[in-house]
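Topology and contacts: notes
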Amino acid sequence: MMIEARVVLVRLPNWLGDTVMALPALHGLRAARPDACVLAIGRWARLLSGQGVADVVVPYPSGGGARRRLAASLRGMRADAAVLLPNSFESALAARLWGARTRLGYDTDLRRTLLSHAVPLPSPRLHQVDEYRGLLEAAGVAAPETVPAWRLVDDAPADELVSTLLREGGVSDGERAVGLHLGASFGSSKLWPAEAFGEVASRLRERGLAPVLLGGPAEATMAAAVSTCAGWVVPSLVGRDRMELLPQLLARLACLVSSDTGVAHLAAAVGTPTVTLFGPTDPRRTAPRSRAAVAVEGRAPCAPCFLPRCPIDHVCMRDITAASVALAVEEARAE
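Heads up: these notes are all about the structure in this document. (Residues numbered from 1 in each chain as written. Predicted model: local features only at pLDDT ≥ 70, side-chain atom pairs only at ≥ 80, totals over all residues. Heavy atoms only, no water.)

1. Some words on the sheet that holds strand 7 (residues 177–181)
- Pairing is parallel across the open sheet formed by five strands, whose spatial order is 8-7-9-10-11. The open sheet is flanked by strand 8 (210–214) and strand 11 (293–297), the only strands paired with a single partner. Between one strand and the next, the sheet's axes are offset by a mean angle of 20°, whatever the strand orientation.
- Where strand 10 (residues 274–278) and strand 11 come together, five bridges link them in parallel fashion. (Pairing = 2+ DSSP bridges. Helix = DSSP H or I, 4+ residues; strand = E, 2+ residues; numbered from the N terminus. Axes fitted to C-alpha atoms, helices over the stretch in contact; angles between N-to-C directions.)

As structure tokens, then:
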């Protein structure tokens, strides 16, 4: 039903990792309608520039006034179709306000009446990559790719900035840097303890690797605690890297260790080996997909709970040992 669409609006997911996992579906849409004007709208839309999945990328504003102005602009385009990758009521209401005649999305969150084509949510649930692909396939659009792949654009200034950041952060040229990403936007339930990061940093250094801490400004206290626990100053880029440099930075790493975050998915998509730590979430649904991706699960009778904050003692994440993570880094790098 979307094959004849001339203008297609795609509401992207709200999270970085989900946006990366949507790449196979987006490539399928682009291949099916190379002559259509595809607008990708979402919080992380700008990061998709150069990925060949949309003609226009539009950041999705957070304020109501800005969203109303965006809706008025999109209505003027007389879009034929809107593809809603988020499962929220808000995304379906927005597509209605955008004036899209065909509105495709999963039948969730009491939004059936806002959709022209409501697709049953898979039961049992699938990996997020496959659910996005399945939504397009329900509209007759083949999405045969199953592994997200990120196209690194040639950007000499960005590459030089990344080199400078690594040197200033304490990683010498030629060292095999392993990123230790400390944060998680979902909530504190995904966080691995500082003492565990400190121990794995020491274990990696003993193996001839160069651990480097990654994260936003909010992880500054955590980064200091990691160095304290390690007993030495672990090189750090915490609070210093920028989102637009993240693909190039991740591509320079020998491996990335992180919890279940968007950074893990982006690293896997650029071809960097990943070790992803799972406690409150389910690797069967959100593990990074690549040949060199290793998932390490913490054992707990309540896992996966999908709670942003642990109401007890964080058993699942504390079950993951630094020794097991160091071995997983070797495994991921050997793939």
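2. As for the packing of aromatic side chains
- This structure, assessed with the given rule, holds two aromatic pairs.
- The ring of Tyr-60 has Arg-11 lying over it, and the distance from NZ or CZ to the ring centre is 4.0 Å.
- Over the aromatic face of Trp-232 sits the side chain of Arg-205, whose NZ or CZ is 3.6 Å from the ring centroid. (Phe/Tyr/Trp six-rings, centres within 6.5 Å; stacked < 30°, edge-to-face > 60°. Lys NZ or Arg CZ within 6 Å of the ring centre and 35° of its normal.)

3. Quick word on the pattern of salt bridges
- The full count for this structure, using the stated rule, is 22 salt bridges.
- A salt bridge links Asp-130 to Arg-289, with the nearest nitrogen and oxygen atoms 2.6 Å apart. With Asp-130 in helix 5 (residues 128–138) and Arg-289 in the loop between helix 11 (283–286) and strand 11, this residue pair connects regions lying 159 residues apart in the sequence.
- Counted as one network, the salt bridges with shared partners bring together Asp-130, Arg-133, Glu-137 and Arg-289. (Salt bridge = Lys/Arg side-chain N within 4 Å of Asp/Glu carboxyl O.)

4. A few points about the environment of Asp-155
- Summarising the element assignment, Asp-155 is placed in the loop between helix 5 and helix 6 (156–169).
- Taking C-alpha positions, Asp-155 is 9.9 Å from Leu-245, a pair spaced 90 residues apart along the chain.
- Here the side chain of Asp-155 touches Ala-158 through a polar contact of 3.1 Å, landing on its backbone nitrogen. (Polar contact = N/O pair within 3.5 Å; in protein donor to acceptor, adjacent residues only side chain to side chain.)

5. Considering the side chain of Arg-11
- Following the sequence through the fold, Arg-11 ends up in strand 1 (residues 7–11).
- Polar contacts involving the side chain of Arg-11 include one to the side chain of Asn-14, which spans 3.2 Å.
- Here Glu-90 takes part through its side chain, which lies 3.0 Å from a polar atom of the side chain of Arg-11.
- Excluding residues that lie within four positions of it along the chain, Arg-11 makes contacts with Ile-41, Tyr-60, Val-83, Leu-84, Leu-85, Pro-86, Glu-90, Ser-91, Ala-94 and Trp-98. (Contact = heavy atoms within 4.5 Å.)

6. What about the sheet that holds strand 1?
- Here six strands make up an open sheet; going across it, the order is 3-2-1-4-5-6 and the pairing parallel. Every other strand in the sheet has two partners, leaving strand 3 (56–59) and strand 6 (117–119) as the edge strands with one partner each. The average undirected angle you get between the axes of adjacent strands in this sheet is 15°.
- Pairing of strand 1 with strand 2 (residues 37–42) involves five bridges; the strand directions are parallel. Bridged to Val-7 within strand 2 is Cys-37.

7. Regarding the side chain of Thr-261
- Relative to the helices and strands, Thr-261 is located in the loop between strand 9 (255–259) and helix 10 (262–269).
- Apart from residues no more than four positions distant in its own chain, Thr-261 is found in contact with His-181, Gly-183 and Ala-184.

8. Let's talk about helix 4 (residues 89–98)
- Among the residues of helix 4, Ser-91, Ala-92, Ala-94, Ala-95 and Trp-98 are the ones counted as buried. The buried residues of helix 4 all sit within an arc of 160° when viewed along its axis, so they share a single face.
- A positive backbone phi angle near 85° is found at Gly-99, which sits one or two residues after helix 4. (Buried < 20%, exposed > 50% of the residue type's maximum accessible area, 1.4 Å probe, protein only. Arc of directions from axis to C-beta.)

9. Structural notes on the nonpolar core
- With 52 residues, the main nonpolar core has Val-10, Leu-26, Val-83, Leu-85, Trp-150, Leu-250 and Leu-266 as its most contacted residues.
- Look past the residues within four positions of Trp-150 in its chain and what remains in contact with it is Val-20, Leu-23, Leu-47, Leu-48, Gln-51, Pro-247, Leu-266, Ala-269 and Val-270. (Core = buried A, V, L, I, M, F, W, Y, C linked by side-chain atoms within 4.5 Å.)

10. Some points on unusual backbone geometry
- Look at the link from Ser-123 to Pro-124: it is a cis peptide, with omega at 0°.
- If you trace the backbone, Pro-124 turns up in the loop between strand 6 and helix 5.
- Following Ala-303, the chain continues into Pro-304 via a peptide bond in cis, with omega recorded as -5°.
- Following the sequence through the fold, Pro-304 ends up in the loop between strand 11 and helix 12 (315–318).
- Positive phi values are uncommon outside glycine, yet Asp-109 reaches one of about 55°.
- Take Asp-109: it is sitting in the loop between strand 5 (102–106) and strand 6.

11. Thoughts on the packing of helix 7 (residues 194–206) against helix 8 (residues 220–230)
- At a closest axis distance of 7 Å, the pairing of helix 7 and helix 8 adopts a crossing angle of 55°. When the axes of helix 7 and helix 8 are compared, the pair comes out oblique. Note on packing geometry: the crossing formed by helix 7 with helix 8 is right-handed. Contact with helix 7, carried on its side by Ala-194, Glu-195, Phe-197, Gly-198 and Ser-202, involves Met-222, Ala-225, Val-226, Cys-229 and Ala-230 of helix 8 and no other residues of that element. (Parallel < 35°, antiparallel > 145°, perpendicular 65-115°, else oblique. Left-handed = near helix turned anticlockwise from the far one by under 90°.)

By themselves, these observations are geometric and do not establish any function.
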